Amino acid sequence: TMGFFSTNGSAKLYYDNVEKLETTSDGIQIDGTATNLTIRNGTVSASAGGLITFKNVDGNGVARDVVRIKGFTGGSTGGYGELTLQTAFANTLNDCLIIKKDKHIELPNDNQKLKIGASQDLELYHTGSNSFIDNNTGHLYLRNKTNNQKVIVQAGIGGNVELNVNYGE
């Protein structure tokens, strides 16, 4: 079978007699019945948009959503776009990263960490009550360079802290 086309229904494409692409009422599914990727369009509104969903099959043979990218279009309310990345934990998709229409990037959950560096040595996070910048290697420098003035706070290993103000650099 190379393809199957039904009147007012789906179209299916096959490779070596295995279904690889199917059109659905709201988009397409790639890789057929054991769907690994679904692309779905959305209605044009402030609260809807397109979806790209990545799936895998659990130990019981059930296809589960594991990663979803949601694109909001803004529709008639101003023509903007927002992007949300969701990942699954315990078979539930959760928002992990949101790029907002105002260009802000959000990590929407408490205790989510922004980890930076090849060894993930720098971490920024909020617990719901407190905010933290954790450095797990070398010194931590906080610098501000304005009006030919350079202010540096250096937190060293072993608890040493230095505050330096330099002019004319």
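This text follows the structure it describes.
The rules behind the values
Residues numbered from 1 in each chain as written. Predicted model: local features only at pLDDT ≥ 70, side-chain atom pairs only at ≥ 80, totals over all residues. Heavy atoms only, no water. Helix = DSSP H or I, 4+ residues; strand = E, 2+ residues; numbered from the N terminus. Buried < 20%, exposed > 50% of the residue type's maximum accessible area, 1.4 Å probe, protein only. Contact = heavy atoms within 4.5 Å. Areas by Shrake-Rupley, 256 points an atom, 1.4 Å probe, with all protein chains shown as cover. Polar contact = N/O pair within 3.5 Å; in protein donor to acceptor, adjacent residues only side chain to side chain. Patch = residues over 30% accessible without salt bridge, like charges linked within 9 Å, V, L, I, M, F, W, Y side chains within 5 Å. Salt bridge = Lys/Arg side-chain N within 4 Å of Asp/Glu carboxyl O. Pairing = 2+ DSSP bridges. Axes fitted to C-alpha atoms, helices over the stretch in contact; angles between N-to-C directions.

Looking now at the overall build of the protein chain. From N to C terminus, the protein chain includes 0 helices and 16 strands. Taken across its 169 residues, the protein chain has 18% of its residues classed as buried. If you take every contact in the protein chain between residues at least 6 apart in sequence, the share linking residues at least 24 apart comes to 7%. Accessible surface for the protein chain amounts to roughly 11700 Å². Of this, 52% is attributable to carbon and sulfur atoms.

Okay, the side chain of R68 next. Along the chain, the position of R68 falls in strand β7 (residues 63-72). For R68, a relative accessible area of 18% corresponds to the buried category. Separated by 2.7 Å, the side chains of R68 and D65 make a polar contact. Those residues in contact with R68 that lie beyond four places of it in its chain are L51, I52, T53, T84, L85, Q86 and L93.

For the rest of this paragraph, the subject is a nonpolar patch on the surface. On the surface, L107, L114, I116, L124, I133, L142, V153, V161 and L163 cluster together into a nonpolar patch covering about 760 Å² of accessible area. Counting only elements with at least two residues in the nonpolar patch, the list comes to β11 (113-116) and β16 (161-167). If you trace the backbone, V161 turns up in strand β16.

Bringing the pairing of strand β13 (residues 131-135) into the picture now. Inspection of the sheet shows strand β12 (residues 122-126) paired to β13 by 5 bridges, in the antiparallel sense. Note that in β13 the partner of H126 across the bridge is S131.

Pairing between the strands of a sheet is mediated by backbone hydrogen bonds and can be parallel or antiparallel. Read from one edge to the other, the open sheet built from 3 strands follows the order β11-β12-β13, with strand pairing classed as antiparallel. In the strand order of this sheet, the two ends are held by β11 and β13, each with one partner. The sheet shows a mean angle of 10 degrees between the axes of neighbouring strands, taken without regard to direction.

The final tally for this structure, using the stated rule, is 6 salt bridges. Where salt bridges share partners, they join K55, D65 and R68 into one cluster.

Where β7 lies against strand β8 (residues 82-89), 6 bridges are found, and the strand directions are antiparallel. Of the residues in β8, the one forming a bridge with I69 is L85. One ladder, built from 7 bridges, connects β8 with strand β9 (residues 92-99); its direction is antiparallel. Residue pairing for β9: F89 is matched across the bridge by T92. The hairpin turn running from β8 into β9, its antiparallel successor, is 2 residues long, and A90 in that turn takes a positive phi close to 55 degrees.

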